[in-house]
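Structural overview for review
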Amino acid sequence: MSAQGDCEFLVRRARELVGQDLWAAKAWLITARSLYPADFNIQYEMYSLERNAERTSSAGRLLYDIFVNFPEQPVVWREISVITSALRNDSQDKQTQFLRGLFETLPGRIQCEMLLKATEQCFNTLERAEMLLLLLRRFPESVAQHGVGLGESLLEAENIEDQESPVNCYRKLFVCDVLPLIINNLDVRLPAALLYKYLNKAAEFYINYVTRSTQVESQYQGAQDTPALLSPSKRSSQRYIIEGLTEKSSHIADPWERVFKILSVVGVRCEWQVDTSRRSFGDILLKMKDVCRYIGNYDNEAHTKYKTQVIYSTMLVFFKNAFQYVSSIQPSLFQGPNAANQIPLVLLENVSNVYGDTDTDRSKHVHKKRKLAEGREKTMSSDDEDPSGKGRSRLITIHAADLLNSVEVLESFRLARESWELLHSLDSLDKEFTRICVSWKTDTWLWLRIFLTDMIIYQGQYKKAIASLHHLAALQGSHSQQQIPGQGSLENQRALIQLAACHFALGEYRFACEKVLDLMCYMVLPIQEGTKLQEEQPKLKSKFRKVSELKLWPCTSTAVMPYCLRLLLACFKLRAFTDNRDDMALGHVIVLLQHEWPRGENLFLKAINKICQQGNFQYENFFNYVTNIDMLEEFAYLRTQEGGKIHLELLPNQGMLIKTSSPPLGFLQQEFIPVPQPSIQTADRHHTVTRGITKGVKEDFRLAMERQVSRCGESLMMVLHRFCINEKILLLQTLA
Amino acid sequence: MSDIRLSLLRRDALSAAKEVLYHLDIFFSSQLQSVPLPIVDKGPVELLEEFVFQVPKERGSPAKRLNSLQELQLLEIMCNYFQEQSKDSVRQIIFSSLFSPQGNKADDCRMTLLGKLVSMAVAVCRVPVLECAASWLQRTPTVYCVRLAQALVDDYCSLVPGSIQTLKQIFSASPRFCCQFITSVTMLYDMSSDDLIPPPDLLEMVVSWIFEDPRLILITFLNTPIAASLPIGFLELTPLSGLIRWCVKAPLAYKRKKPALANGHPNGKLAKSSAPASDQDCQPLYSKLHLSVLQVLMLLQGHLTEKNLYGRLGLVPFDHVVSLVDEISRLSDELNPLNASQEVELALDRLAQALQVAMAAGTFLCTREDLRTVCSRLPHNNLLQLVISGPVQQPAHAALPPGFYSPIHTPPLGYPTHAAHPAIPAHPALPAHPVQTFIPGMAFPYRPIH
């Protein structure tokens, strides 16, 4: 018999026995091995027997033997790759767990060799990296040898693969898995420049990870199983998978904490001035301001060191707090469609004083009023001021019910603003920070734009704010395209809302009005009327001169619609109460004053007064949009003897009977807006002319009045909404 | 001694027994302080015979006999004594004085009382007594050891059903005793007749012990200084050859067993509670045991190499193998070969496996040539043929010393030697540490006192 034949005989006998007498089968194999210790098949058979029975320790012992004695056997290689892939696997199934346990029974030296050899066999960078990571985690002493190389190969792979987003599998492995091993290993000494580069990569990764847009998630969910979308419970689970990684590996807990930890470790290793760990953000910022103060005194090397410290520390405080702020005011950006229970907010100038009869307070002279208005335009904008806007602290109010942690949110807003100011306080910082921002393409970050815009609005630089808002609108456009259609339409119009407010603040009423009217398309009706704007007439107003100038409004139709109506009123108010007669503007004001009635009662009376002075009043839309019973009564009274027999032309086309030189028409003709002009439509004119002559006018008015009274129950918001939509052109013309 | 005797004579039996232990304790303790290995001379032994075993000193005087209650009390006194004496050396010498066979008429009484004492120690788990008994088993001729084993088997396997569980638990209390006990029972039950087939309960217990920790078999070997030649007439250092006999002979012995007796085992009915139901159920136990034996042999290889004893210490002695081969060939002749071909095949397979692995482990010292001669009378068996011929020579594997399996983690520490049970000759006479060094030519220090 040949040795080969003997071995085959022995293995065969063992196999035959496995089914009936496992002990005997093993006894045969032990004997066989003692006869032929160099035969691979015998030992592999022994191993298979234990492995299939999932007996961890005996299988481990046998695996050790075959790994040591037969390192060249392809079967061994296959087995090692199966085991090492089980190590990388998240799966909890029995087989995987057994394989992991099997690996654990091996002595460290063998584990190390096995992983290294398995690594050699990997041609895929990702797999190779994961394998090496297993090695580095288990054997810290191998970090010095392989750590940096692995890190660099991941960064290289990221470049070669042309990864679009910094949140990719290579970067994740580098930042979350390799980097902590490298920087926490005292045997690894790296030049500061390299550490800064790594810090930069880490910061970019974590910021992008935290602020990753939600559509990736929903796409994933959609692709995986459509029924998941139907079940709300499934949708609320935050699932996010970085391509190439498992779900478990894609999930990063406490990303901010991690990035600040890296900052602190890098700081210690680069011998920065103060350790930033375990400090509050406010504290870090204060320290950085301190460092900044003396930064000019250092020589080149130290200067660079402390500059870098200031930049990265402040920058992280900035991004963290800006994120905190934006995620509070527009949670859906980061949490996906399930953020429904949190109300989005939008930062706007307060316009609660719109009903105030300010003009009469100020002056009775028209030209003076104008001047004031102009003056106001100037004072409201600080575009020309020092951009850092130092010392300008404005009060922002939030209604407690809209945001539970309002204090923290405002603190985040403050910290972010101050960090931003610090980063721009010195040329060298500004340059470096800008360079980083450019390389990170922060320009394309919608959430950051939202913050920056709010910051600029806060600083009162409305012209800049408008530019920023256009940028925001563009970003939002590209953003919302990818989003599920029809969802949260209004919160995506924050740019439009803020544009309206900024134009208004600049005195650009026509633009303001235009934006407001554009917004009307996004309102979700019906809006219940009773819901008042939560802001209250502060009773302390007289005592404290400083009124809140800015407010975080709920970004909902219920809150925004009233705000818009106030803005419109504010736009038309000035024009309506000039000495120049402008019935159209006055009419609009009257329509708008119905809103929140009777808060605008004084203004309404002032309007009536003006009409009385004029002796007549023409507003053909009156019966379309005025349903307020008090107003109707007042107008009905005006026509009576006692009311002064005011000549009212409130029915459509009635105005044609009066002089053709009435201001509204004049405007129309000037503007060349292609609206069907009554004067051109000869047939109509004929009709109206005859109707006017037939004295039916009086009767028409009475009928119209009666009809209006019956419309009293109609939803005022619907009426005003219709007013804004239908009369858009007219409204804009009025402000031209 | 004589004044002690006089004072004891005035006492009643139990207090005299207590007193004699007390006096001898003092006597040996003081001796141990000056002489590392005190000689136990006649005086103390005679005192013990007279006052513990109640053997009258004067010829013709009537033998005092204790009643059962008194005997129980005496056992309790002894148990308590060993429990309370914290010095192992003193315990050992007292135990030895009490129970070493003297070749006189007191020996019967001695053995009976020893059986009862150990049985009691098992029941109430008195570790010091068990440890002393383990040492006693090591330095007492096999014939006496077998009697102790028989007493325990009677008590725990036959008398009360289910009581085997009590014995089974000794495993964790005194592994050393278990090891020696296994060696004794393999001597007792050599399968030479139907009566000498181990009772199922006993078999089951031994297999479960060994399977739980195969190193149990080696504990005596690992804790004993090794003499070049093993003393004859004493228990072997390991139960290996006895266990091999069990496994190899079992298929044939059970086959030979008279069918009438298969169910009518004298104690079969009593011991049925936890016992395997029939002989058929015993076969897998032998298979399991056989595997354990092979595994222990492989373990042994490492230990032998470590102690530089590889190929020098026949723990599976050649003459045992010769007689085993004899027994097998007789048995297979006895059985109708046509009827029992499977059993013969299995027995020879196991024999071949055990011999091969023991040879490879360097503890069955025999050339393949001699093996051929020894096995020439056996029926043909493929595996045995293969083992006798040896492996077909091929270039040796470079990384592998033939048949050597190194431990993968830490070097083996043998069985945990705990301080409570120091290596057997924890006798002051011997250097305390190099317990495991091989001292060629040095005789085993503990001789029974004749």
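Within any chain, residue numbers begin from 1 and follow the written order of that chain's sequence. As a convention, the first chain written is A and the first ligand written is 1, with the rest following in written order. Given that the model is predicted, a residue must reach a pLDDT of at least 70 before its local features are reported, and side-chain atom pairs must reach 80 or more before they are shown or counted; all residues, however, enter totals for whole chains, interfaces and linings. In computing side-chain properties, one takes all heavy atoms of the structure into account and sets aside hydrogens as well as water.

1. Re the overall build of chain B
Only DSSP runs of H or I covering at least 4 residues are called helices, and only runs of E covering at least 2 are called strands; the numbering of each starts at the N terminus. Of the regular secondary structure elements, chain B holds 20 helices and 0 strands. Working definition: with a 1.4 Å probe on protein chains only, accessible area under 20% of the residue-type maximum means buried, over 50% means exposed, and in between means partly exposed. Residue burial in chain B is summarised as follows: out of 450 residues, 55% are buried. Here, residues are in contact when the closest pair of their heavy atoms is within 4.5 Å. Pairs at least 24 apart in sequence give 80% of the contacts found in chain B among residues at least 6 apart. What sets the accessible areas is the Shrake-Rupley method with a 1.4 Å probe; for residues, cover comes only from the shown protein chains. About 19400 Å² of surface is accessible on chain B, with carbon and sulfur atoms providing 57% of the total.

2. Notes on helix α14 (residues 240-256) of chain B
Residues and elements named next belong to chain B. Relative to the 24 Å expected for 17 residues at 1.5 Å per residue, α14 spans 24 Å between its end C-alpha atoms, a close match to the ideal helical length. Bend angle per residue: angle between axes fitted to the 7 residues ending at that residue and the 7 residues starting there. At K249, α14 shows its strongest bend, of approximately 55°, with the proline P251 following within four residues. Across the 17 residues of α14, 16 count as buried, placing the element largely inside the fold. The span expected for a helix works out to 1.5 Å for each residue beyond the first.

3. What about the confidence of the model for chain A?
Residue and element names in this part refer to chain A. pLDDT is defined as a per-residue confidence score from the predictor, taking values between 0 and 100. The share of residues in chain A with pLDDT of 70 or more is 79%, and the mean pLDDT across the chain is 77. Counting contacts from residues 215-237, a segment whose pLDDT is below 50, to residues more than four positions away or on other chains yields 23 contacts. Confidence over residues 655-694 falls short of pLDDT 50; this stretch has 33 contacts with residues more than four positions distant or in other chains.

4. Some thoughts on the nonpolar core
We call a set of buried Ala, Val, Leu, Ile, Met, Phe, Trp, Tyr and Cys residues a nonpolar core when their side-chain atoms join them within 4.5 Å. Residues F318, F319 and W447 of chain A together with F181 of chain B are the most contacted members of the largest nonpolar core, which totals 297 residues. In terms of residues, this core owes the most to one element, helix α18 (residues 300-329) of chain A, which gives 15 residues. Not counting the four nearest positions on each side in its chain, F181 of chain B is found in contact with L137, A149, L152, V153, L167, L202, M205 and W209 of chain B.

5. A short note on the pairing of strand β1 (residues 345-349) of chain A
All names here are of chain A. Within β1, 5 of the 5 residues are buried, leaving the element largely enclosed by the surrounding structure. Here β1 shows a buried face lined by L345, L347 and E349 and a second buried face lined by V346 and L348. Strand pairing is defined by DSSP finding a minimum of two bridges between the two strands. Here β1 pairs with strand β3 (residues 550-554) via 5 bridges, running antiparallel. Residue pairing in the sheet places L345 in a bridge with P554 of β3.

6. Things to note about the packing of aromatic side chains
Here the aromatic set is Phe, Tyr and Trp, taking the six-membered ring for Trp, and pairing holds for ring centres within 6.5 Å; pairs whose planes are under 30 degrees apart are stacked, those over 60 apart are edge-to-face, and all others are tilted. Throughout the structure, instances matching the rule amount to 45 aromatic pairs over all chains. For the pair F318 of chain B and F364 of chain B, a centre-to-centre distance of 6.4 Å together with 15° between the ring planes defines the contact as stacked. Here F318 of chain B is found in helix α17 (residues 318-334), whereas its partner F364 of chain B is found in the loop between α18 (341-360) and α19 (368-374), with 46 residues between them in sequence. Whether a charge sits over a ring comes down to the Lys NZ or Arg CZ being within 6 Å of the ring centre and within 35 degrees of the ring normal. Stacked on the ring of W553 of chain A, the Lys or Arg K551 of chain A has its end atom at 5.3 Å from the ring centre.

7. Considerations on the interface of chain A and chain B
Taken together, the contact pairs 30 residues of chain A with 31 residues of chain B. Buried area between chain A and chain B, summed over both chains or domains, comes out near 2700 Å², and the portion from carbon and sulfur atoms is 67%. What counts as buried area is the accessible surface, traced by a 1.4 Å probe, that two parts surrender upon association, with contributions from both included. The largest share of the area that chain A buries against chain B comes from W23, I30 and L35 of chain A, three residues that together contribute 24% of it. Here, a salt bridge means any Lys or Arg side-chain nitrogen found within 4 Å of an Asp or Glu carboxyl oxygen. Linking chain A to chain B there are 1 salt bridge. Between R13 of chain A and D349 of chain B there is a salt bridge; the shortest N-O distance is 3.8 Å. Here a polar contact means two N or O atoms within 3.5 Å. Within protein one must be a hydrogen donor candidate and the other an acceptor candidate, and residues neighboring in sequence count only if both atoms are side-chain atoms. Where chain A packs against chain B, one counts 4 residue pairs in polar contact (both at pLDDT 80 or more). Those elements that place two or more of their residues in the side of chain A that touches chain B are α1 (3-18), α2 (22-35) and α4 (56-69) of chain A. With 10 residues, α2 of chain A is the largest single contributor of residues to the side of chain A that touches chain B. Under this grouping Gly is polar, as are all residues other than the nonpolar Ala, Val, Leu, Ile, Met, Phe, Trp, Tyr, Cys and Pro and the charged Asp, Glu, Lys and Arg. In terms of residue class, the side of chain A that touches chain B is built from 17 nonpolar, 6 polar and 7 charged.

8. Notes on the pairing of β3 of chain A
All names here are of chain A. Counting buried positions over the 5 residues of β3 gives 5, a clear majority of the element. With burial as the criterion, each face of β3 is covered, one bearing L550, L552 and P554 and the other bearing K551 and W553. By the bridge criterion, 3 bridges tie strand β2 (residues 396-398) to β3 in an arrangement that is parallel. Bridge pairing in β3 links T397 to K551.

9. Focus on the sheet that holds β1 of chain A
All names here are of chain A. The 3 strands are arranged β1-β3-β2 in an open sheet whose pairing can be described as mixed. Lying at the two open borders of the sheet, with one neighbouring strand each, are β1 and β2. The sheet shows a mean angle of 30° between the axes of neighbouring strands, direction not considered. Helix α24 (residues 446-459) contacts β1, β2 and β3 of the sheet and is inclined by roughly 25° relative to β1. Axis definition: a line fitted to C-alpha atoms, over the contacting stretch in the case of helices. Angles run 0 to 180 degrees between N-to-C directions.

10. Thoughts on unusual backbone geometry
In this structure, P598 of chain A follows W597 of chain A across a cis peptide bond, with omega equal to 10°. Secondary-structure assignment places P598 of chain A in the loop between α29 (583-593) and α30 (601-614). Even without being a glycine, C125 of chain B presents a positive backbone phi close to 55°. Under the relative-accessibility criterion, C125 of chain B is labelled partly exposed at 39%. Although it is not a glycine, N308 of chain B adopts a positive phi angle of roughly 60°. Assignment of secondary structure puts N308 of chain B in the loop between α16 (279-306) and α17. On the basis of relative accessible area, N308 of chain B is assigned to the exposed category, the value being 54%.

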